[in-house]
Amino acid sequence: MTNTALQTIVAKNLPALSGESITYNAAKNVFLSKGYTSAAGNMYYKAVRLSNRLMVYYDLGQGYIHTFLNGIKLYCFDGQKANLIAQKYWGGCDYRIFNEQFAKEQSILMLRGFLEGQLRLQGAHVSDQELTNFARGMIEETQRKQLA
């Protein structure tokens, strides 16, 4: 699949990017939306990593000195459509300077929480370690290079 074809599929099928102009940054292994600049001069944009089952969506802001993580959304992809399964926001006095490890760990915790809830609904039990390892593996899958 070519870069353009994958971008088209992503834009059409993932609601966080519908209607967005997106590009793929191979160096960072991330899809980036076209940003906008606020009256204060800060740039806001979306950064997305995905696998065949999961999309991790970062809501970012680029200030004068730092890039800020304003929020994370997780979507699962069932082959037909994307479904929002978890979200977390930071803002105001609780802002976070963007850090790949922090964003990854937060994504793992969010996915783990979702999976734990699904297991509870089904009356199933999995060890905490197994659940965390599974969530970590799914998040790490989104971080693997998607394009050459």
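Residues numbered from 1 in each chain as written. Predicted model: local features only at pLDDT ≥ 70, side-chain atom pairs only at ≥ 80, totals over all residues. Heavy atoms only, no water.

**Student:** How would you sum up the pattern of salt bridges? Please name residues and give values.
**Tutor:** Enumeration over the complete set of coordinates arrives at six salt bridges. The residue Glu 105 makes a salt bridge to Arg 136 at a minimum N-O spacing of 2.9 Å. With Glu 105 in helix 2 (residues 100–122) and Arg 136 in helix 3 (residues 128–142), this residue pair connects regions lying 31 residues apart in the sequence. A salt bridge links Glu 116 to Arg 112; the shortest N-O distance between them is 3.6 Å. Highlighted residues: Glu 116 and Arg 112, both in helix 2, separated by four residues, approximately one helical turn. Residue classification places Glu 116 among the partly exposed positions, given a relative accessible area of 29%. Salt bridges here are not isolated pairs; linked through shared partners, they connect Arg 112, Glu 116, Arg 120 and Asp 128. (Salt bridge = Lys/Arg side-chain N within 4 Å of Asp/Glu carboxyl O. Helix = DSSP H or I, 4+ residues; strand = E, 2+ residues; numbered from the N terminus. Buried < 20%, exposed > 50% of the residue type's maximum accessible area, 1.4 Å probe, protein only.)

**Student:** Pulling in residues and values, what's your account of the pairing of strand 4 (residues 43–50)?
**Tutor:** Burial analysis of strand 4 places six of its eight residues in the buried class, which makes it a mostly covered element. Two strands pair when backbone bridges link them, and strand 4 and strand 5 (residues 54–62) are joined in this way by eight bridges, in the antiparallel orientation. Along strand 5, the bridge assignment pairs Lys 46 with Asp 59. (Pairing = 2+ DSSP bridges.)

**Student:** So what's going on with the packing of helix 2 against helix 3? Residues and values would help.
**Tutor:** Between two packed helices, what matters for the description is the angle formed by their axes and the separation of those axes. Direction vectors running N to C along helix 2 and helix 3 enclose 125°, while the axes themselves pass 8 Å from each other. Here helix 2 lies oblique to helix 3, going by the angle between them. Here the hand of the crossing between helix 2 and helix 3 comes out right-handed. For the pair helix 2 and helix 3, contact is made by Lys 104, Glu 105, Ser 107, Ile 108, Leu 111, Arg 112, Leu 115, Glu 116 and Leu 119 and by Asp 128, Leu 131, Thr 132, Phe 134, Ala 135, Arg 136, Met 138, Ile 139 and Glu 140, respectively. Partitioning the contact of helix 2 with helix 3 into residue classes produces nine nonpolar, two polar and seven charged. (Axes fitted to C-alpha atoms, helices over the stretch in contact; angles between N-to-C directions. Parallel < 35°, antiparallel > 145°, perpendicular 65-115°, else oblique. Left-handed = near helix turned anticlockwise from the far one by under 90°. Contact = heavy atoms within 4.5 Å. Nonpolar A, V, L, I, M, F, W, Y, C, P; charged D, E, K, R; others polar.)

**Student:** An account of the confidence of the model for the protein chain is requested, with residue identities and associated values reported.
**Tutor:** Overall, the prediction assigns the protein chain a mean pLDDT of 83, with 82% of residues at 70 or greater. Ranking the helices and strands of the protein chain by mean pLDDT puts helix 2 first, with 95, and helix 1 (residues 3–13) last, with 55. (pLDDT = per-residue confidence, 0-100.)

**Student:** How would you sum up helix 2? Please name residues and give values.
**Tutor:** Residues three or four positions apart in an α-helix share a direction because the helix packs 3.6 residues into each turn. Here helix 2 spans 33 Å end to end across 23 residues, near enough to the 33 Å set by a 1.5 Å rise per residue. Turning to helix 2, its buried residues are Ala 103, Lys 104, Gln 106, Ser 107, Ile 108, Met 110, Leu 111, Arg 112 and Leu 115. On its buried face, helix 2 is in contact with strand 5, strand 6 (67–77), strand 7 (82–89) and helix 3. Regarding helix 2, its N-cap is Asn 99, as a side-chain oxygen of that residue lies 2.9 Å from the backbone nitrogen of Gln 101 further along. Phi for Gly 123, located one or two positions after helix 2, is positive at around 70°. (Expected span 1.5 Å × (residues − 1). Polar contact = N/O pair within 3.5 Å; in protein donor to acceptor, adjacent residues only side chain to side chain.)

**Student:** Quick one: what's the story with the pairing of strand 6, residue by residue and with numbers?
**Tutor:** Of all eleven residues in strand 6, eight are buried, a share of seventy percent or more. Judged from the nine bridges that link them, strand 5 and strand 6 form a sheet pairing that is antiparallel. Its bridge partner being in strand 6, Gln 62 is matched across the sheet by Thr 67. Connecting strand 5 to the antiparallel partner strand 6 that follows it, the hairpin turn spans four residues. Direction of pairing for strand 6 relative to strand 8 (residues 96–97): antiparallel, over a ladder of two bridges.

**Student:** Quick rundown of the packing of aromatic side chains? Include the residues and the values.
**Tutor:** Evaluation of the coordinates by the stated rule reveals three aromatic pairs. Ring plane angle 65° and centroid distance 5.7 Å describe the contact between Tyr 58 and Phe 98, whose orientation is recorded as edge-to-face. With Tyr 58 in strand 5 and Phe 98 in the loop between strand 8 and helix 2, this pair connects stretches of sequence that are 40 residues apart. Look at Tyr 58 and you get buried, because its relative accessible area is 3%. Take Phe 98: its relative accessible area is 22%, and that puts it in the partly exposed class. (Phe/Tyr/Trp six-rings, centres within 6.5 Å; stacked < 30°, edge-to-face > 60°.)

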